[in-house]
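# Topology and contacts: notes
So you can see what is in the structure, the chains are spelled out below.
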Amino acid sequence: MLKSRRTAAAIGAVALTGALFAAAPAQADAGAKPSSSPKSAPKGDGSKAVCKRLPKTEARVNAAVTRLNGDATVSGSIARLEQRVANAKSEGHTEIYTYLNDRLTARKNLLPTLQKRQADLKAVSTWCAAQKSK
C-alpha cells in the first residue's frame with residue numbers, strides 16, 4: 001500500500017512537471033502578443049488633470065525657486081553650495097571641490113528652467129480659470 005502511494009505521488013509529480021513545461025511556451029507567446037500591439041493613443045491633452053494639479057505644481061516650483069535663491073543658511077540654496085565650494089577649495093580638497101562645483105553648475109542651470117516654468121504655470125493658471133468660467 002505504501003509502495004502504491006509513492007508510485008502515485010511520483011507519477012503525479014512527473015505529470016505536474018510535464019504540464020508546467022508544456023504551458024511555459026504558451027505563456028511566453030501570450031506575453032509577446034500584447035507588447036506587439038500598441039496601447040491606445042491619448043484622446044486629449046490632459047488639460048483637466050493639469051488644471052487639477054496646478055496648485056500643487058505651482059507650490060512645488062515656487063518652493064524650489066525660493067530655496068535656490070536663499071542665503072547660505074538655507075539648505076539647498078545656491079549660496080550655500082557656493083560657500084561649500086569655496087571651503088573645499090581653501091582646504092585643498094580638490095576631489096570634493098570638483099564634485100561640489102559640478103553640482104553648483106547643475107543647480108545654477110536649474111534656476112532659469114524653474115523660473116521659466118513659473119511663467120508657464122501663470123499662463124496655464126489663467127487658461128484654467130477661463131475654462132472654469134465657460
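As the structure is a computational prediction, the values presented were derived from the model and not from experiment.

## Some details on the overall build of the chain
Helix and strand content of the chain: 4 helices and 0 strands. The buried share of the chain, taken over its 134 residues, is 15%. In the chain, once contacts between residues fewer than 6 apart in sequence are set aside, the share between residues at least 24 apart is 54%. With the model as given, the accessible surface of the chain reaches about 10,400 Å², and the carbon-plus-sulfur share is 60%.

## With respect to the environment of R107
Position of R107 relative to the elements: it lies in helix 4 (residues 94–133). By relative accessible area, which is 17% here, R107 ends up buried. Remark: the alpha-carbon pair of R107 and L68, spanning 39 residues in sequence, is separated by 7.8 Å.

## Some points on the pattern of salt bridges
The tally for this structure, following the rule as stated, stands at 2 salt bridges. Between K108 and E82 there is a salt bridge, with its nearest N and O atoms 3.3 Å apart. In this pair, K108 sits in helix 4 while E82 sits in helix 3 (residues 78–90), placing the two residues 26 residues apart along the sequence. In this structure E82 comes out as partly exposed when scored by relative accessible area, which is 34%. For the salt bridge of K116 with D120, the shortest nitrogen-to-oxygen distance reads 3.0 Å. Here K116 pairs with D120, and both are found in helix 4, just 4 residues apart, close to one helical turn.

## What to know about the packing of helix 2 (residues 47–68) against helix 4
At a minimum axis distance of 9 Å, the contact between helix 2 and helix 4 shows a crossing angle of 145°. Where helix 2 crosses over helix 4, the handedness of that crossing is left-handed. On helix 4, the residues that touch S47, V50, C51, L54, T57, E58, V61, N62, A64, V65 and L68 of helix 2 are R107, L110, L111, L114, Q115, R117, Q118, L121, V124, S125, W127 and C128.

## Observations regarding the confidence of the model for the chain
On average, residues of the chain carry a pLDDT of 84, and 72% of them reach 70 or more. Of all secondary-structure elements in the chain, the lowest mean pLDDT belongs to helix 1 (residues 2–36), at 58, while helix 3 reaches the highest, 97.

## Considerations on the state of the cysteines
Scanning all chains against the criterion turns up 1 disulfide. The disulfide partner of C51 is C128, and the S-S distance across this bridge is 1.9 Å. When the S-S torsion is -85°, as for the bridge of C51 with C128, the disulfide is left-handed. Linking C51 in helix 2 with C128 in helix 4, this pair joins segments that are 77 residues apart in sequence. Accessibility expressed as a relative area gives 19% for C51, which makes it buried. Overall, the relative accessible area of 5% leaves C128 in the buried class.

## Digging into a positive patch on the surface
A cluster of basic residues, K52, R53, K56 and R60, forms a positive patch on the protein surface. Following the sequence through the fold, R60 ends up in helix 2.

The rules we used
- Residues numbered from 1 in each chain as written.
- Predicted model: local features only at pLDDT ≥ 70, side-chain atom pairs only at ≥ 80, totals over all residues.
- Heavy atoms only, no water.
- Helix = DSSP H or I, 4+ residues; strand = E, 2+ residues; numbered from the N terminus.
- Buried < 20%, exposed > 50% of the residue type's maximum accessible area, 1.4 Å probe, protein only.
- Contact = heavy atoms within 4.5 Å.
- Areas by Shrake-Rupley, 256 points an atom, 1.4 Å probe, with all protein chains shown as cover.
- Salt bridge = Lys/Arg side-chain N within 4 Å of Asp/Glu carboxyl O.
- Axes fitted to C-alpha atoms, helices over the stretch in contact; angles between N-to-C directions.
- Left-handed = near helix turned anticlockwise from the far one by under 90°.
- pLDDT = per-residue confidence, 0-100.
- Disulfide = S-S within 2.5 Å.
- Patch = residues over 30% accessible without salt bridge, like charges linked within 9 Å, V, L, I, M, F, W, Y side chains within 5 Å.
- Lys, Arg positive; Asp, Glu negative; His and termini not counted.
- Charge placed at Lys NZ, Arg CZ, Asp CG, Glu CD.

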